[in-house]
Amino acid sequence: MNPMFWLLPSLLVSQAMATEGYDPSAPLKTFTGKETYTQDGVSKLWSAVERHDDPDRRLFGPLEYNTLTAWPEEADYAPWIADLFGSTEPDSSTFLLHIGANEATATGTPILFVHGAGDNGSRGFAGLSIHMDTRGRPVYALTFPNAQQDMFQQAEIVADAIARVKERTGAKKVDLVGHSKGGIAVAIYISNAKDAEWGDTVYSEVGTVYRDDVRKVVLMGTPLGGIDTGFRWPSANILSLDTETALAPTSWSEYYPYGTGYYWIYEDLSAQDFFPGDGDLFPGQDQLLARHDEYPLPGSLPWLGSYAFQIDWYTSYEGGFGYYTYSEGIDAAIESGDHLISRLAANGADPALQIYLLGGENPLMPNGTEDFLALMFGEAFVDMATATSDQWAAFYASLVGDGLVSVGITEEEVQGLAQGKLMIGEVTGPSDGLVFTTSALNEDALNARGAVIVEARAANLSHLDLLYASPVTAAVLEAEAAADPVEDGWKLALARRYAEEDTIGWVREALADEATEPEDTGGPDDSGAPDDSAEPDDSAEPQETGDDDSGVPEDSEPADDTGEDDPGKACSTGGAGADAGAGAALGVMLAAAALVSRRRRPSA
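Keep in mind that what you see is a predicted model, and the values were worked out from it rather than measured.

So, a nonpolar patch on the surface
Together, Y258, Y262, Y263, W264 and I265 line one region of the surface with nonpolar side chains, adding up to about 630 Å² of accessible area. By secondary structure assignment, the location of Y258 is in the loop between strand 8 (254-255) and strand 9 (267-268). Given the relative accessible area of 58%, Y258 is considered exposed.

What follows is the structure, encoded as structure tokens:
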């Protein structure tokens, strides 16, 4: 493809309009300097990043933020995001479109990656996007203004982004890859037929009706059957008692520190619960809810020990006053979200689409900090922290024996649990640690109008591991485990699962574009780098180009303390101007770093 080809669509009259008034030919601003790099300025992630705005103000309104939902001014996990938005608290109608490093020479059906809650376009999907970019496909990634925002707003942003990608490339259709909450935004758009019933009058009036502009869809760890985590595991609400530092919505509306007997002494949690009431920090979360009565609540399973220790577990789920809390209950919260999960299943995706579903069935997740478990389980964490390898092995064997967990555990992973390097997520049914496997693979959420699910695959991986598994990342993990078997021995088992599951390769095969995609000759590089490249490496210094008026960022510690745990750090795209070795390092380092990423924000 001619390097100037991407400029041609902007010279033509747009035929790819989304919401009335949105112009896909006119980004608010385009960045090609430091903002396309990692936070430390060492490695280039994108060829450009665009800021867009949808002018419709019936669907898009003000957003609320706290100190943890606002974008940090500097953080490795969100490199330059605040600068790109021009604000740490952007409007709901604003979004970012990240453009692959090799767009100018790419061919085939464009791919748009859509992230989940607590994520952004430069983090979770970076490994996959670079893998596809260096294999010659046009690659793009979204960053929502607020990953927790209303699902209909996000669905419309997906429609806008598709229009922009078509405008840039001239393509008639795109491929969509959604993870977690982002997959629901994708599912809404592809299910938005003219007669769709959403319960949301505004979206029904102004939301873009599906335009037959998607070829294939891959949904990874997406709660198509809904989630009930906040109500099922209410002790986690302790993390969100303070409005300014709430990580996720609480299933409690009131908290009584001395017990409900002292009814006049309580903390009002209405600003951070699932209901709009006096505040709505997490407006999209009630739309994801569904009951999962097929799995027992942890509080009803006393043999779970510390995991069963859930504050007011029954009233939190069903509603009412408990010993310390008051909850409206999950049914009221589902009603608040207009039964979106049920409506999604009733509407059904367009029947012409090719759809692939990927769910995880391993609840073991890397634990970046003991603080999370200590807060989640309170004093009961002492029992967990001091448990021996034998106790952990016996506990996990019970989970498997009772059918709550569908996969086993290795000796190395038992040791990782005892060391606090690993944590067990959702264990009341087979899950990826956050989303039940049956929810992620729920074909009935999409097939009401005859859409055929090409494949629904369960992988022996946890929620975020779904994004990173490949033989190359496995080799890196195996080497780290061999170098320090005491501290990193748990990575050996994960390496084996990464090599066996190879979800990066699975996505590549699912999105194959035989007519136009260059042949993948294989070879040792499975990380996203071209098999050979003769171009010199001139990417060490960011160039001051475009209209962002920025130079090389100074080396400094990021405001967030994720440090080397960030999956977007120390990366190289392997794109134009980068050698193959640097490109190969990107996918590998990205996945390896993600393993110990501090779960600062939930990613449902």
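Examining the nonpolar core
Formed by 64 residues in total, the largest nonpolar core has its most connected members in F113, V218, M220, L399 and I424. Aside from chain neighbours lying at most four places away, what touches V218 is L176, V177, G178, Y356, W506, V507, A510 and L511.

Observations regarding the pattern of salt bridges
One pass over the full model with this rule turns up 22 salt bridges. When the shortest N-O distance is used, the salt bridge between K173 and D212 registers 3.3 Å. Note that K173 is positioned in the loop between helix 3 (151-169) and strand 6 (174-179) and D212 in the loop between helix 5 (201-206) and strand 7 (214-220), a separation of 39 residues in sequence. A residue is classified by how much of its surface remains accessible, and K173, at 31% relative accessible area, is partly exposed. Of the residues examined, D212 reaches a relative accessible area of 43% and is grouped as partly exposed. Linking E501 and R457 is a salt bridge whose minimum nitrogen-to-oxygen distance equals 2.6 Å. With E501 in helix 17 (residues 490-501) and R457 in strand 15 (residues 452-459), this pair connects stretches of sequence that are 44 residues apart. R457 carries the same exposure label as E501, and that label is buried.

Rules used in this analysis
Residues numbered from 1 in each chain as written. Predicted model: local features only at pLDDT ≥ 70, side-chain atom pairs only at ≥ 80, totals over all residues. Heavy atoms only, no water. Patch = residues over 30% accessible without salt bridge, like charges linked within 9 Å, V, L, I, M, F, W, Y side chains within 5 Å. Areas by Shrake-Rupley, 256 points an atom, 1.4 Å probe, with all protein chains shown as cover. Salt bridge = Lys/Arg side-chain N within 4 Å of Asp/Glu carboxyl O. Helix = DSSP H or I, 4+ residues; strand = E, 2+ residues; numbered from the N terminus. Buried < 20%, exposed > 50% of the residue type's maximum accessible area, 1.4 Å probe, protein only. Core = buried A, V, L, I, M, F, W, Y, C linked by side-chain atoms within 4.5 Å. Contact = heavy atoms within 4.5 Å.

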